[in-house]
Amino acid sequence: MLTIRAHFDPCDDYNAPLIVARGSHRVGRVEAIQATETAAGFEAGLCLAEPGDVWIYRTPILHTSHPAAKPSRRRVMQVDFAAVDLPGGLEWAGI
């Protein structure tokens, strides 16, 4: 899977930026109960953005964020792509 995310508002240190475990998309499926422990084995990356920035990343990367210290708007448009069917009877809603 691949995600494309376009930012309409800034996402700075105070607006709950995404924190990713760099390279964690390479380990395959990680159960939720093991996510924190698995992520600890990778370098953390802070994903800041300005309006107009576009991120392209592997969707299965382990990620989190802290609550916003100075809440403001953080509007994004995110589109996910996959070359395989979704598991467990899930279906794509489409655009």
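Residues numbered from 1 in each chain as written. Predicted model: local features only at pLDDT ≥ 70, side-chain atom pairs only at ≥ 80, totals over all residues. Heavy atoms only, no water.

Comments concerning the packing of aromatic side chains
Logical step 1: Counting across every chain of the model gives zero aromatic pairs.
Logical step 2: Over the aromatic face of Tyr14 sits the side chain of Lys70, whose NZ or CZ is 4.7 Å from the ring centroid. (Phe/Tyr/Trp six-rings, centres within 6.5 Å; stacked < 30°, edge-to-face > 60°. Lys NZ or Arg CZ within 6 Å of the ring centre and 35° of its normal.)

As for the nonpolar core
Logical step 1: Counting eight residues, the largest nonpolar core is built from Cys11, Leu18, Val20, Cys47, Ala49, Trp55, Tyr57 and Ile61.
Logical step 2: Counting only elements with at least two residues in this core, the list comes to strand S2 (18-21) and strand S4 (54-58). (Core = buried A, V, L, I, M, F, W, Y, C linked by side-chain atoms within 4.5 Å. Buried < 20%, exposed > 50% of the residue type's maximum accessible area, 1.4 Å probe, protein only. Helix = DSSP H or I, 4+ residues; strand = E, 2+ residues; numbered from the N terminus.)

Things to note about the pattern of salt bridges
Logical step 1: For the structure on display, the rule yields three salt bridges.
Logical step 2: Asp9 is paired through a salt bridge with Arg75; the nearest N and O atoms lie 2.7 Å apart. Here Arg75 lies in the loop between strand S5 (63-64) and strand S6 (76-81) and Asp9 lies in the loop between strand S1 (2-7) and S2, a separation of 66 residues in the sequence.
Logical step 3: Asp9 sits in the buried class, given a relative accessible area of 9%.
Logical step 4: By relative accessible area, Arg75 is classed as partly exposed at 40%.
Logical step 5: Of the charged contacts, one joins Arg29 and Glu31 as a salt bridge, the two residues approaching to 3.5 Å between their closest N and O atoms. (Salt bridge = Lys/Arg side-chain N within 4 Å of Asp/Glu carboxyl O.)

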